[in-house]
Amino acid sequence: MRNVDRATVGGNLRIDQVLESATRLFTEKGYEAASVRDLAAELEIRPSSLYHHFPGKQHILFAICMRMQTDFNAQVMPELVANRPPDEAVASAVRRHVLFGHRRKGEVLVNIRERRSLPAEQLAHVNGLRREYRDTMARVIELGCEQGLFRVGDPKLAAMTIVDMINGLPQWFSPRDEQDLERMADLYARAALALLRGWDTTSAN
């Protein structure tokens, strides 16, 4: 099967196969070092067949980042807009964020490390989804301050701090099992609440 172009065999090359292989390749080699020829070889197709699906390598990176961020927002943001107290909403969102970051680790790492290589217009689309999540969390934090649950002078800065703290986790954490992953999600949720309850950013030097 090595010399057969799978894109021409019953049309069985799927977009998700391309994105999964590209995610693995970009994670292992880096976006700049990985070529369309490398990806085609991994998929066992000709490079010309790959161009039928994507005009260029940047479009593959864009598809990975957009799919990951769209799915992330769909899974995590509902925790912030549910009808619940702000502290419960933040804790639940942080837990979901940690779990998503591990279960979609390759895509998350590509999004964090490589999205800067996207052209400005495509990067703006991805960053717009990222800001949507951050700003939603900031509004929940602001509500928590109004209710006396949190002590934060700058809700947006606090939201950015929490998001950056969680985004660093997939770069070093490899859970032993599902229980270990759940334990880490709980720890990060408690850490986020501890920060919000005791960090007054108005007095930062």
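Reference entry: report on the structure contained in this document. Since the structure is predicted, the reported quantities are computational estimates derived from the model, not experimental observations. In every chain, residue numbers begin from 1 and rise along the written sequence. Restriction of local features to residues with pLDDT of at least 70 applies here, the model being predicted, together with a cutoff of 80 or more for giving and counting side-chain atom pairs; totals for whole chains, interfaces and linings are based on all residues. Hydrogens and water molecules were not included; the side-chain quantities draw on all heavy atoms of the structure.

## Some points on the packing of helix H4 (residues 57–76) against helix H8 (residues 120–146)
Working convention: axes come from line fits to C-alpha atoms, limited for helices to the stretch in contact. Angles between N-to-C directions cover 0 to 180 degrees. Strands here mean DSSP runs of E at least two residues long; helices mean DSSP runs of H or I at least four residues long; both are numbered from the N terminus. The geometry of H4 relative to H8 is characterised by a closest axis approach of 10 Å and an angle of 15° between their N-to-C directions. With respect to each other, H4 and H8 are oriented roughly parallel. For the pair H4 and H8, the crossing hand works out as left-handed. Contacts from Gln58, His59, Phe62, Cys65, Met66, Gln69, Thr70, Phe72, Asn73 and Val76 in H4 reach Gln122, His125, Val126, Leu129, Arg130, Glu132 and Tyr133 in H8. When its residues are assigned to classes, the contact of H4 with H8 shows eight nonpolar, seven polar and two charged. Should an angle fall under 35 degrees it is called roughly parallel, over 145 degrees roughly antiparallel, and 65 to 115 degrees roughly perpendicular, with every other angle called oblique. Crossing chirality is assigned from the near helix's rotation relative to the far helix, an anticlockwise turn below a right angle marking it left-handed and a clockwise turn marking it right-handed. Contacts are residue-level and defined by heavy atoms, with any inter-residue pair within 4.5 Å sufficient. Polar here means any residue outside two lists: the nonpolar Ala, Val, Leu, Ile, Met, Phe, Trp, Tyr, Cys and Pro, and the charged Asp, Glu, Lys and Arg; Gly therefore counts as polar.

## Overview of the side chain of threonine 23
Of note, threonine 23 is situated in helix H1 (residues 15–29). Discounting residues that sit within four places of it in the chain, threonine 23 has contacts with Ile64, Gly106, Glu107 and Val110.

## Some points on the packing of aromatic side chains
Centres within 6.5 Å make a pair out of two Phe, Tyr or Trp rings, where for Trp the six-membered ring is used; the pair is then stacked when the planes are under 30 degrees apart, edge-to-face when over 60, and tilted otherwise. Taken as a whole, this structure holds four aromatic pairs when the rule is applied. Pairing phenylalanine 26 with tyrosine 31 gives two aromatic rings, centres 5.2 Å apart and planes at 80°, and the pair type is edge-to-face. Classification of residues uses two cut-offs on accessible area relative to the type maximum, computed with a 1.4 Å probe and protein chains only: under 20% is buried, over 50% is exposed, and between them is partly exposed. Assessed through its relative accessible area of 3%, phenylalanine 26 is described here as buried. By relative accessible area, which is 6% here, tyrosine 31 ends up buried. Arranged with centres 5.7 Å apart and planes meeting at 65°, the rings of tryptophan 172 and phenylalanine 173 form a pair that is edge-to-face. Through a chain of ring-to-ring contacts, three or more aromatic side chains come together here, namely Phe72, Phe100 and Tyr133. Two limits define a charge over a ring: the Lys NZ or Arg CZ must be within 6 Å of the ring centre, and within 35 degrees of the ring normal. Above the ring of tyrosine 31, the side-chain terminus of lysine 57 is found at 4.2 Å from the ring centroid.

## Quick word on the environment of aspartate 71
The residue aspartate 71 is located in helix H4 in this model. For the pair aspartate 71 and phenylalanine 100, spaced 29 residues apart in sequence, the C-alpha separation works out to 9.4 Å. Beyond its immediate chain neighbours, meaning those up to four positions away, aspartate 71 contacts Phe100 and Arg104. Side chain to side chain, aspartate 71 and arginine 104 meet in a polar contact 2.9 Å long. Side-chain atoms alone can form a polar contact between residues adjacent in sequence; in general such a contact is a pair of N or O atoms within 3.5 Å, and within protein one must be able to donate a hydrogen while the other accepts it.

## Description of the nonpolar core
Counting residues in hydrophobic clusters, the biggest one holds 36 residues, and the most contacted among them are Val94 and Ile141. Of all the secondary structure elements, the ones that give two or more residues to this core are H4, helix H6 (86–103), H8, helix H9 (155–167) and helix H10 (178–198). In this view, isoleucine 141 contacts Val90, Phe150, Val152, Pro155, Ala158, Ala159, Ile162 and Leu196; residues no more than four positions away in its chain are not counted. By nonpolar core we mean a set of buried residues, namely Ala, Val, Leu, Ile, Met, Phe, Trp, Tyr and Cys, connected to one another through side-chain atoms within 4.5 Å. Listed in part, the 21 residues of the second largest apolar core include Ala22, Leu25, Ile45 and Val126.

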